[in-house]
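# Per-entry structural report
One-letter residues, chain by chain:
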Amino acid sequence: MKYILLFFSPFFLTAQVNYSFPTNQNAYEGGMEALYKDLHDGLIKDSIKVCSNADEVYRMKVLVDENANVKFVHEFDTQYVESNFCAFEIAKKSLKYLTKWNAPEVNGKKVKALFEFYFSPSDLINNFSPGYKAENFLTSASFKNRGIKEFQQQFSKCFDFGDFEFTEIEFTVNFEVNSKGKIQFIFIEPDYGNKSFTNMILGCLETKEKWEPGKYRNTPVITKIKLPIKATITKN
C-alpha cells in the first residue's frame, strides 16, 4: 500500500475535508478492535521489533477519501515526532496492514474525513490481547487540571457578541492540544463566513495558561478537544 504525505495548515482546515470521521460510522470495518488486531497480526507476521524506548507512542492521522483510500497526514508537533520517532517510523510502514477502510458519508454523500488512532509498538507487539483499544489507556488534555469546562467558561467570558448581528448563535470550536500543551489545528463549524467572527474566536483561544497535554499511559500525546458554544444575545 502506498501512502501520500499531506500537509494542512497548523491552524486551519479547509471545508473540503471533514475535521472528524462522521459520528456513528466506523472508519475501519469491524471498528477499532479490528483495526488494532490487523496491525498486531501484520507486525507479528513481519517480525517487527519494538522500540528501545517502550514508552514511545505515535498519534497517527490519516485522510480517508470518498473511495476509502487512505493518505498519511503530516504532524505539526515536530518535537512530538522527534520524541517518538521510532513509533512514528513503524506506524507509517504499518499502514499497509490496514486494508478494510470505509469511506465517510455525510447526508448520503461520500466525503473526505480525517481519522486518528494511537500507535504503541510495545502494546501492539508485546502486550497485545484480544479486544485491545488504545483509548483504554488514554487520558485527554485538561485546562488548569480541571478539564474542558474551565476553559469553556473562560472562552465564553472572552467572546464579545456586541459587534455582530446574531440574536442566537451556536457553533463548535474544534482544536488539538499538542504534547507541549499548545493549541493547534483549529476548525470552527460553522464560521458563518465572517472573518471578524473567526478572528475573535482565535483571539479567545489564546491563553497564557498552558493546557496539560493528554497522555497515553505516561507518554504525552496529541489529543482533540471539541468546544460547543451556544448563546442568546440580547440587543439593547
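Heads up: the structure comes first, above all this text.
Residues numbered from 1 in each chain as written. Predicted model: local features only at pLDDT ≥ 70, side-chain atom pairs only at ≥ 80, totals over all residues. Heavy atoms only, no water.

Here we take up the nonpolar core. Leu35, Tyr36, Leu39, Tyr58, Trp101, Phe115 and Phe117 are the most contacted members of the largest nonpolar core, which totals 38 residues. Among the elements that line this core, the one with the most residues is strand β5 (residues 113-119), at five residues. Every residue in contact with Phe117, bar those within four places of it in the chain, is listed here: Met32, Leu35, Tyr36, Leu39, Tyr58, Arg59, Met60, Leu98 and Trp101. (Core = buried A, V, L, I, M, F, W, Y, C linked by side-chain atoms within 4.5 Å. Buried < 20%, exposed > 50% of the residue type's maximum accessible area, 1.4 Å probe, protein only. Helix = DSSP H or I, 4+ residues; strand = E, 2+ residues; numbered from the N terminus. Contact = heavy atoms within 4.5 Å.)

Pairing in this open sheet of three strands is antiparallel, and the strands run β6-β11-β12 from one edge to the other. A strand with exactly one partner marks an edge of an open sheet, and here the two such strands are β6 (138-139) and β12 (219-221). (Pairing = 2+ DSSP bridges.)

On to helix α1 (residues 31-45). The end-to-end C-alpha distance of α1, which contains 15 residues, comes to 21 Å, matching closely the 21 Å that a straight helix rising 1.5 Å per residue would cover. If you check which residues of α1 are buried, you get Gly31, Leu35, Tyr36, Asp38, Leu39, His40, Gly42 and Leu43. Among the structural elements, α3 (85-94), β5 and α4 (121-125) are those in contact with the buried residues of α1. Backbone geometry just downstream of α1 places Ser47 in the positive-phi region, at approximately 55°. (Expected span 1.5 Å × (residues − 1).)

Further remarks concern the environment of Pro130. Assignment of secondary structure puts Pro130 in the loop between α4 and β6. Expressed as a C-alpha distance, the spacing of Pro130 and Lys37, which sit 93 residues apart in the sequence, is 7.4 Å.

Strand pairing in a sheet takes place through backbone hydrogen bonds and is either antiparallel or parallel in direction. Read from one edge to the other, the open sheet built from three strands follows the order β2-β1-β5, with strand pairing classed as antiparallel. Of all strands in the sheet, those bounded by a partner on one side alone are β2 (70-72) and β5. Taking each pair of neighbouring strands and ignoring which way they run, the sheet shows an average axis angle of 35°. Sheet analysis places strand β1 (residues 58-64) next to β2, joined by three bridges and oriented antiparallel. Paired with Val64 across the two strands is Val70, which belongs to β2. Sitting on the sheet, α3 touches β1, β2 and β5, and the angle it makes with β1 is about 30°. (Axes fitted to C-alpha atoms, helices over the stretch in contact; angles between N-to-C directions.)

This structure, assessed with the given rule, holds 22 aromatic pairs. A centroid spacing of 6.2 Å and a plane angle of 40° characterise the contact between Phe115 and Phe117, whose relative ring orientation is tilted. For Phe115, a relative accessible area of 11% corresponds to the buried category. On the accessibility criterion, Phe117 (3% relative accessible area) is buried. Seen in terms of ring centroids, Tyr132 and Phe137 are 6.0 Å apart; in terms of plane orientation they differ by 25°. Their pairing is stacked. Taken together through their ring pairs, the aromatic side chains of Phe21, Tyr28, Tyr36, Trp101, Phe115, Phe117, Phe128, Tyr132, Phe137 and Tyr216 make up a single cluster. The cationic tip of Arg217 hangs over the ring face of Phe137; the distance from NZ or CZ to the ring centre is 4.0 Å. (Phe/Tyr/Trp six-rings, centres within 6.5 Å; stacked < 30°, edge-to-face > 60°. Lys NZ or Arg CZ within 6 Å of the ring centre and 35° of its normal.)

Attention now moves to α3. Here α3 has its buried residues at Ala87, Phe88, Ile90, Ala91, Lys92 and Ser94. Where α3 is buried, its residues touch α1, β1, β2, α2 (78-83), β5 and α4.

Where helix α5 (residues 148-158) contacts helix α6 (residues 195-205), the axes come no closer than 9 Å and their chain directions differ by 135°. By the angle between their directions, the pair α5 and α6 is classed as oblique. Like other packed secondary-structure pairs, α5 and α6 cross with a definite hand, here right-handed. Contacts between α5 and α6 involve Phe151, Phe155 and Cys158 on the former and, on the latter, Ile201, Cys204 and Leu205. Considered class by class, the residues forming the contact of α5 with α6 number six nonpolar, no polar and no charged. (Parallel < 35°, antiparallel > 145°, perpendicular 65-115°, else oblique. Left-handed = near helix turned anticlockwise from the far one by under 90°. Nonpolar A, V, L, I, M, F, W, Y, C, P; charged D, E, K, R; others polar.)

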